[in-house]
Amino acid sequence: MSAIRRGFDEQLRASGASQLPVEVAVFTSVDDPVTTKAFGSGPRRDFADRYTSYFHQRILPHCGVPFDAYALSDISDERLPSYRVYVFPNAFTLSDVRRAQIVERLRRDRATAVWMYASGYYREDRGSVSNVVELTGCPVREHVRQQGCSPVRVFELDTSSGRMWRGNGFDSVYFPELPSAAELREALRCAGAHVWIETGDVLFAGRGYVTVHAAEAGEKTVRLPAPADVVEIYGHSAPRTDVTEFADCLEKGETRIYRLSFLSANELSQKRKEPNE
């Protein structure tokens, strides 16, 4: 009961907690009528669903970067805040209107887009690799490989000069297939996002808190984007004051929740003067 009470108290604190803006937004196509038209309900749709589920369960939470999650249709919402990086894991089918909305948003925010696999391949129900090239600005190539009894589309991109491409009025990172969590982490870092943890553990941050769930046993170092006071809400570790990183040893499957009080410039200046006074 004490743990439940502590959680309730922290929920009340969260409503007024200081926080930094999230830099990454992930836009997933969910029951989009255009996607349904292109993929139908057969094997191709099953593949798209498995692909999307794997990304959200096995890759995104382990990338070490906080993110906000949206439906792809939210891209045109005027209330949407600006982000540094926009991730499109399954934008395989896009109407002309949706394409224009995505491009407009990326250009307006001077953002970087992270594309995966067949991004923009289907225009309504018409598929072509030229649609991918037009949307992403990346020189993507396509060929068909036989996998068992079924042909499989394979996309390729020459990455000898790096993964970042400039085209269509914004920067793009393109993955011909699903990236690993480490590959996604590096792409987000190259796009300017702050990486909070490097060890592949599950991390969520927001409303003045960060949660770490250990994928493996070991020391977990969290690097903050700004100085903060840090308190583990269940008392598993001592409070830290005015730190930009902290580390704790966790067992596999263990979860820690930390309250972050980010310091204003005035607070930071005052706090750093105190020891000398």
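Analysis parameters
Counting from 1, residues in each chain are numbered in the order their sequence is written. Since the coordinates come from a predicted model, pLDDT governs what is reported: local features require at least 70, and pairs of side-chain atoms require 80 or more to be given and counted, while whole-chain, interface and lining totals use all residues. The side-chain numbers reported here are obtained from all heavy atoms of the structure, hydrogens and water having been left aside. A helix here means a DSSP run of H or I that spans at least four residues, while a strand means a run of E at least two residues long, and both kinds are numbered starting from the N terminus. Per-residue accessibility, obtained with a 1.4 Å probe over protein chains only, is compared with the maximum for each type, and a residue is labelled buried under 20%, exposed over 50%, and partly exposed between these values. By the convention used here, residues are in contact when the closest approach between their heavy atoms is within 4.5 Å. Strands are labelled as partners when DSSP assigns at least two bridges between them. In this description, a line fitted to the C-alpha atoms serves as the axis of each element, helices being fitted only across the stretch in contact, and the angle between N-to-C directions of two axes falls anywhere from 0 to 180 degrees. Two rings belonging to Phe, Tyr or Trp (six-membered ring only in the last case) form a pair when the distance between their centres is within 6.5 Å. Interplanar angles under 30 degrees mark stacking, angles over 60 mark edge-to-face geometry, and anything in between is tilted.

1. Remarks on the side chain of Ser119
- Examined against the element boundaries, Ser119 turns out to sit in the loop between strand E4 (112–116) and strand E5 (122–123).
- A relative accessible area of 0% places Ser119 in the buried class.
- The contact partners of Ser119, leaving out residues within four places of it in the chain, are Phe88, Ala91, Phe92, Val132 and Leu135.

2. Section: the sheet that holds strand E9 (residues 164–167)
- Taken in spatial order, the six strands make up an open sheet running E2-E1-E3-E4-E10-E9, and their pairing is mixed. At either end of the open sheet lies a strand with only one pairing partner, and these are strand E2 (68–71) and E9. On average, each strand axis in the sheet is tilted by 25° relative to the strand beside it, whichever way the strands run.
- Summarising the sheet, strand E3 (residues 85–88) and E4 pair through four bridges and their orientation is parallel.

3. With respect to the packing of aromatic side chains
- Enumeration over the complete set of coordinates arrives at 15 aromatic pairs.
- Taking the centre distance of 6.0 Å and the plane angle of 70° together, the rings of Tyr70 and Tyr83 count as edge-to-face. Of the two residues, Tyr70 sits in strand E2 while Tyr83 sits in the loop between E2 and E3, which places them 13 residues apart along the sequence.
- Judged by relative accessible area, Tyr83 falls into the buried class, the value being 4%.
- Taken together, a centroid distance of 4.7 Å and an interplanar angle of 15° make the contact between Phe88 and Trp115 stacked. Of this pair, Phe88 sits in strand E3 while Trp115 is found in strand E4, placing the two residues 27 residues apart along the sequence. There is no split in this pair, since Phe88 and Trp115 are both buried.

Purely geometric numbers; function is a separate question.
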